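# Coordinate analysis (summary)
What follows is the residue order along each chain.
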Amino acid sequence: NAEYMGVRSLAPPVPLLSMYLTLELLFVTCGPISATIYLCLALALLCFFTQEITNNYSQVDKLWSLTPAVFAWMFALWDTQNNRLLLMAFCATVWSVRLTYNFSRRGGYQWPPWAGEEDYRWATVRTWFPTRILWLLFSFFFIAFYQNILLLLIAFPCSIAFLNPTPLTYADAIITFFFLLFVLLESIADQQQYQFQTEKYRKIRENEPREGDYQRGFLTSGLFRWCRHPNYAAEQALWIVFYFFSCSSIGWYGLNESVVGAVLLVLLFQGSAMFSEGMTAKKYPDYAEYQKVVPFKFIPFRCCGTRTNKYTPMSS
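Residues numbered from 1 in each chain as written. Predicted model: local features only at pLDDT ≥ 70, side-chain atom pairs only at ≥ 80, totals over all residues. Heavy atoms only, no water.

### Some words on the overall build of the protein chain
Put simply, the test is: Elements are defined by DSSP. Helices are runs of H or I of four residues or more, strands are runs of E of two residues or more, and each kind is numbered from the N terminus. Only protein chains enter the accessibility calculation, which uses a 1.4 Å probe; a residue is then buried when its area is under 20% of its type maximum, exposed when over 50%, and partly exposed in between. Whether two residues are in contact is decided by their heavy atoms: any pair within 4.5 Å suffices.
Along the backbone of the protein chain there are 12 helices and 0 strands. Traced from its N-terminal end to its C-terminal end, the protein chain shows the element sequence α-α-α-α-α-α-α-α-α-α-α-α. Within the span of the protein chain, comprising 316 residues, buried residues form 49% of the whole. At a minimum sequence separation of 6, the contacts of the protein chain that also span at least 24 residues come to 79%.

This is the structure we're talking about:
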């Protein structure tokens, strides 16, 4: 069985012993590649039944920042002598901790765990389906299964590194640097957005006068001065960079099959950003002007000469 190639040790580091024991039976039975697939499908089923019972369709959102790191550690714990897998699991964990914190502080996690605010976009998406059965099919195939499978696929470069346990190289250091750089950029963008939204709604609650971005209703300063979705841009970039760990393991920096996760993630963000911007443009009249001044959703570029004094952003 190809899954067992290169396996040298089943003993995990002591701090990870609890997680290892939980997954040990599944690992021994079928190996990490099959184990991650089975876990992914189980989570997809759990999400589907939970969202249908609770009528809250943001169940996958609660797992989004968690499962890629879990999948990465499932590979790393199987072969603890594979330094590249440990490095990949470390990177995925840094990303996971940061994103989980950002999701949590916005009220993403509540008790019971299936509760919490639903993504505002699902209410609009529901109107696209004239019958309950069509919505049920969309809920099953896209919301529950496609999104969970995507979370597995973006972590699947680990499978290539697992099957090719080669020593670390300077390329891995470069890949790690850029991965952490994009995590940092995403953190800055999310922090700027969080501070803006918090202050905006504080001003609204206390009926204080608003000007600049607070009057317009959306952020145009900081990293948002250069592209409309810097956090989305960084999220896509870091998983593209993560894919190159698999290239490093085989010594070939072209394409291999694990690139499909990064490609599908980019396509998802294209559609998600277009949908979100359509809703934002309807809600905020000035957004169309912002789109002219900052023409790209993800690429840093700014048409400075077209911006009027009225549209000068607040200082970042």
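### Details of a nonpolar patch on the surface
We count it as follows: Excluding any residue in a salt bridge, patches collect residues exceeding 30% relative accessible area, merging like charges within 9 Å and nonpolar Val, Leu, Ile, Met, Phe, Trp and Tyr side chains within 5 Å. Using a 1.4 Å probe, the Shrake-Rupley method yields the accessible areas, and only the shown protein chains count as cover for residues. Salt bridges, as used here, are contacts in which a Lys or Arg side-chain nitrogen is within 4 Å of a carboxyl oxygen on Asp or Glu.
A cluster of nonpolar side chains, Ile37, Tyr38, Leu41 and Ile149, forms an exposed patch at the surface whose accessible area comes to about 330 Å². Broken down by element, the nonpolar patch gets its largest block of residues, 3 residues, from helix H1 (residues 17-54). Mapping leucine 41 onto the fold places it in helix H1.

### A word on unusual backbone geometry
Cis peptide bonds are those with omega within 30 degrees of zero, and the linkage from tryptophan 111 to proline 112 qualifies with 0°. Look at asparagine 55: it is not a glycine, yet its phi comes out positive at around 60°. Considering the arrangement of structural elements, one finds asparagine 55 in the loop between H1 and helix H2 (59-64). The residue asparagine 207 is not glycine, and still its phi comes out positive at about 55°. Summarising the element assignment, asparagine 207 is placed in the loop between helix H8 (170-205) and helix H9 (213-216).

### Comments concerning the packing of helix H6 (residues 132-155) against helix H11 (residues 259-283)
The condition that has to hold: Axis definition: a line fit to C-alpha positions, over the contact stretch in the case of helices; interaxial angles, taken between N-to-C directions, run 0 to 180 degrees. To sort the angles, those under 35 degrees are grouped as roughly parallel, those over 145 as roughly antiparallel, those from 65 to 115 as roughly perpendicular, and the leftovers as oblique. Handedness of a helix crossing follows the sense of rotation of the near helix relative to the far helix, less than a right angle counterclockwise being left-handed and clockwise being right-handed. Polar here means any residue other than Ala, Val, Leu, Ile, Met, Phe, Trp, Tyr, Cys and Pro, which are nonpolar, and Asp, Glu, Lys and Arg, which are charged; Gly is therefore polar.
Relative orientation of the contacting elements H6 and H11 amounts to 135°, with a least axis distance of 7 Å. Taken together, the axes of H6 and H11 are oblique relative to one another. Judged by the twist between their axes, the crossing of H6 over H11 is left-handed. On H11, the residues that touch Phe142, Tyr146, Leu150, Leu153 and Ile154 of H6 are Val260, Gly261, Ala262, Leu264, Leu265 and Leu268. Here the residues of the contact of H6 with H11 sort into 10 nonpolar, 1 polar and no charged.

### Considerations on the nonpolar core
As a reminder of what qualifies: We define the nonpolar core as a collection of buried residues of types Ala, Val, Leu, Ile, Met, Phe, Trp, Tyr and Cys that are connected through side-chain atoms lying within 4.5 Å of one another.
Trp64, Leu85, Trp95 and Phe179 are the most contacted members of the largest nonpolar core, which totals 52 residues. Of all the elements, helix H3 (residues 67-78) adds the most residues to this core, at 9 residues. Those residues in contact with tryptophan 64 that lie beyond four places of it in its chain are Trp95, Leu99, Gln147, Leu150, Leu151, Glu235, Leu265 and Leu268. Within the second largest apolar cluster, 11 residues are counted, among which are Ala189, Tyr214, Leu219 and Val294.

### A look at helix H4 (residues 83-105)
Here is the rule: Under the convention used throughout, the expected extent of a helix is 1.5 Å for every residue step, that is, one less than its residue count. N or O atoms within 3.5 Å of each other form a polar contact, as long as, within protein, one can give a hydrogen and the other can take it, and as long as residues adjacent in sequence are counted only when both atoms are side-chain atoms.
Its 23 residues give H4 an end-to-end C-alpha distance of 33 Å, which sits within 8% of 33 Å, the value for a rise of 1.5 Å per residue. One side-chain oxygen of the residue at the start of H4 lies 3.2 Å from the amide nitrogen of arginine 84, identifying that residue as asparagine 82. Looking one or two places after H4, you find glycine 107, whose phi comes out positive at around 85°.

### Some words on the environment of leucine 86
With respect to the helices and strands, the residue leucine 86 is situated in helix H4. Judged by relative accessible area, leucine 86 falls into the partly exposed class, the value being 24%. C-alpha separation for the pair leucine 86 and phenylalanine 75, spaced 11 residues apart in sequence, amounts to 8.6 Å. The residues touching leucine 86, leaving out its near neighbours within four places in the chain, are Trp73, Ala76 and Thr80.

### Here's the deal with the environment of serine 258
Structurally, serine 258 can be placed in the loop between helix H10 (230-250) and H11. Judged by relative accessible area, which is 5%, serine 258 ranks as buried. Taking C-alpha positions, serine 258 is 7.1 Å from leucine 153, a pair spaced 105 residues apart along the chain. Apart from the residues lying within four places of it in its own chain, the contact partners of serine 258 are Leu153, Phe156, Pro157, Ile160, Tyr243 and Ser246. A distance of 2.6 Å separates the side chain of serine 258 from the side chain of asparagine 256, its partner in a polar contact.

### Quick notes on the packing of aromatic side chains
For clarity, the cut-off: For this analysis, a ring pair means two rings from Phe, Tyr or Trp (six-membered ring only for Trp) whose centres lie within 6.5 Å, classed as stacked if their planes differ by under 30 degrees, edge-to-face if by over 60, and tilted for the remaining angles.
Overall, the coordinates contain 28 aromatic pairs when judged by the stated rule. Seen from their ring centres, phenylalanine 218 and tyrosine 290 are 5.5 Å apart, and the 45° between their planes marks the pair as tilted. Within this pair, whereas phenylalanine 218 is found in the loop between H9 and H10, its partner tyrosine 290 is found in helix H12 (residues 287-293), the two being separated by 72 residues in sequence. The same class applies to phenylalanine 218 as to tyrosine 290, namely buried.

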